[in-house]
Structures are given as structure tokens and as C-alpha cells.
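Chain by chain, the residues:
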Amino acid sequence: MNTPRQKNLPAEERRNVTVEAVIELAGKTNPDSITTAAIAKHMNLTQGALFRHFPNKEAIWKAVVTWVAERLMARIEKAAAGIDSPLETMQAMFLAHVAFVSEHPGAPRMMFGELQGAKATPAKRMARAVLEQYAVRLNALIEAGIERGELRPDLDAEAAATLFIGTIQGLVMQSLIAGDMSHMVDDAPRVFAIYRRGIVAKFANGIGK
């Protein structure tokens with residue numbers, strides 16, 4: 001992260017490097033304690049150089065949430081591409097989401113920190129919008145799964161989408177508490193299997209077995 005070449009990076013690349021530096025720091029410390037001075041020091045820059053690309057700390061935090069949202073959703077959509085079954089699509093999304101978090105442990109810490117904050121910051125609004133977008137995507141898949149007979153006809157789609165996201169959040173929190181994100185990737189398939197048994201149609205071509 002601290003290389004001399006950073007001083008000559010184009011503006012957009014500089015902003016991306018700054019965002020990555022914040023996420024890296026958030027993976028090691030409480031996001032609330034990360035100051036612009038700490039970010040600049042981590043990047044081997046002055047605060048003045050940092051503020052040439054961001055007007056204030058709030059702008060940095062919004063850029064971080066945007067970075068996380070764009071890359072997480074892109075990873076999920078890539079994992080889901082080409083899969084016809086709604087249920088199998090959900091499993092691919094679940095595993096891709098967990099893998100992304102495992103690779104970027106600072107990302108959930110930043111998102112959780114923003115969502116728990118009392119102030120309605122631009123970053124918090126962005127984080128909420130991401131969760132809403134995610135829930136809409138899941139609801140559509142669940143409804144499609146019900147229509148195709150893969151999922152239980154009496155399934156509450158909204159509750160199932162909430163539980164899907166909440167299950168990932170639970171895995172993330174346990175891994176953060178344990179200080180080891182690698183176990184999350186190993187646990188994800190077994191955890192999804194339990195979730196899957198709760199939503200699948202009883203006689204859906206052997207899917208529920």
C-alpha cells in the first residue's frame with residue numbers, strides 16, 4: 001500500500017486506492033477510530049494530499065460504501081449468471097457473498113458501523129439502499145422459485161429474503177468475533193444447506209433431499 005508510485009496516480013485511481021486503504025484499516029481496527037490522519041499515514045501521504053481528492057471524511061466513507069456495494073453486487077451477479085434454477089442461484093449468491101466478505105473483512109465492519117450510527121449520513125443511506133436492492137433481488141428469486149415448484153408454496157418470500165441476509169450477517173459477526181474469517185467460507189455450504197431445507201418444496205425433483 002505504501003509505495004512511492006502512489007504520489008503520481010490519476011485522480012480516479014487515487015480515490016480507489018484510498019478506499020481500499022480504508023477497508024484494509026477497517027479490517028484491523030474499529031472503523032469509528034479511523035481518522036483522516038491514520039488513512040494518510042497508512043498511505044504514506046499528507047492529509048492535504050488526501051483532501052485533494054475528497055472534501056472531507058464523510059465523502060471518503062460514502063466512497064467506501066459505494067465501492068463495497070458495487071463490487072459485492074458485481075460478485076453476486078457474476079456467480080448467479082447462467083444458472084436457471086432460482087434455488088441454485090440463491091446458493092451461488094450466498095457462497096459468493098461469503099467469499100467476498102472473507103476477502104475484504106473491513107467491508108462488513110464499515111457497513112455495520114454505518115447502519116448502526118444514529119446520524120443519517122450519505123454513507124448510511126447508501127448502505128440501506130444496498131440492503132433494499134439485495135432484498136428485492138432475493139424476493140424476485142424466491143417468487144420465481146415458488147412459481148416453478150422449487151420452493152414451498154406457502155413460503156413467505158419477504159421473511160425468507162430477510163433470513164437469507166440475516167444468516168450471512170450471523171456468519172460474518174461470528175467470524176469477526178473469532179478474529180478468523182476463513183472459517184466462514186468453510187461453514188457457508190453447511191449453513192446454506194440448513195436454510196435450503198427450510199424453504200424447499202417437499203417433492204421438488206429431489207431438491208429437498
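Computed from a prediction, not measured in an experiment: that's the story for all the values here. (Residues numbered from 1 in each chain as written. Predicted model: local features only at pLDDT ≥ 70, side-chain atom pairs only at ≥ 80, totals over all residues. Heavy atoms only, no water.)

Q: Just give me the short version of the overall build of the protein, but keep the residues and values in it.
A: Of regular secondary structure, the protein possesses nine helices and zero strands. A total of 209 residues make up the protein; the buried ones form 43% of that total. Taken as a whole, the protein presents about 11000 Å² of accessible surface, with 54% of it coming from carbon and sulfur. (Helix = DSSP H or I, 4+ residues; strand = E, 2+ residues; numbered from the N terminus. Buried < 20%, exposed > 50% of the residue type's maximum accessible area, 1.4 Å probe, protein only. Areas by Shrake-Rupley, 256 points an atom, 1.4 Å probe, with all protein chains shown as cover.)

Q: Which residues make up the nonpolar core, and what values do they have?
A: Core analysis: the largest hydrophobic core is formed by 63 residues, its most contacted members being Ile 39, Ile 142 and Phe 164. Ranked by residue count, the leading element in this core is helix H4 (residues 57-80), at 11 residues. Once you skip the residues sitting within four places of it in the chain, Ile 39 turns out to touch Thr 18, Val 22, Leu 25, Ile 34, Leu 50, Ile 60 and Trp 61. (Core = buried A, V, L, I, M, F, W, Y, C linked by side-chain atoms within 4.5 Å. Contact = heavy atoms within 4.5 Å.)

Q: Break down the packing of aromatic side chains for me, citing the residues and quoting the values.
A: Under the counting rule described, the total for this entry stands at six aromatic pairs. Ring centres 6.4 Å apart and planes at 80 degrees place the aromatic pair Phe 164 and Phe 192 in the edge-to-face group. Of this pair, Phe 164 sits in helix H8 (residues 157-178) while Phe 192 sits in helix H9 (residues 182-199); the two residues are 28 residues apart in sequence, bridging distant segments of the chain. Of the two residues, Phe 164 and Phe 192, both sit in the buried class. Put simply, the rings of Phe 94, Tyr 134, Phe 164, Phe 192 and Tyr 195 touch in pairs and so form one group of aromatic residues. Lys 57 extends its terminal NZ or CZ atom over the ring of Trp 61, reaching a point 4.8 Å from the ring centre. (Phe/Tyr/Trp six-rings, centres within 6.5 Å; stacked < 30°, edge-to-face > 60°. Lys NZ or Arg CZ within 6 Å of the ring centre and 35° of its normal.)

Q: I'd like to hear about the pattern of salt bridges, residue by residue, with values.
A: A complete count under the given rule lists eight salt bridges for this structure. For Arg 196, the salt bridge identified is with Glu 88, shortest N-O distance 2.7 Å. Highlighted residues: Arg 196 in helix H9 and Glu 88 in helix H5 (residues 86-103), separated in sequence by 108 residues. For Arg 196, a relative accessible area of 15% gives the class buried. Residue classification places Glu 88 among the partly exposed positions, given a relative accessible area of 31%. (Salt bridge = Lys/Arg side-chain N within 4 Å of Asp/Glu carboxyl O.)

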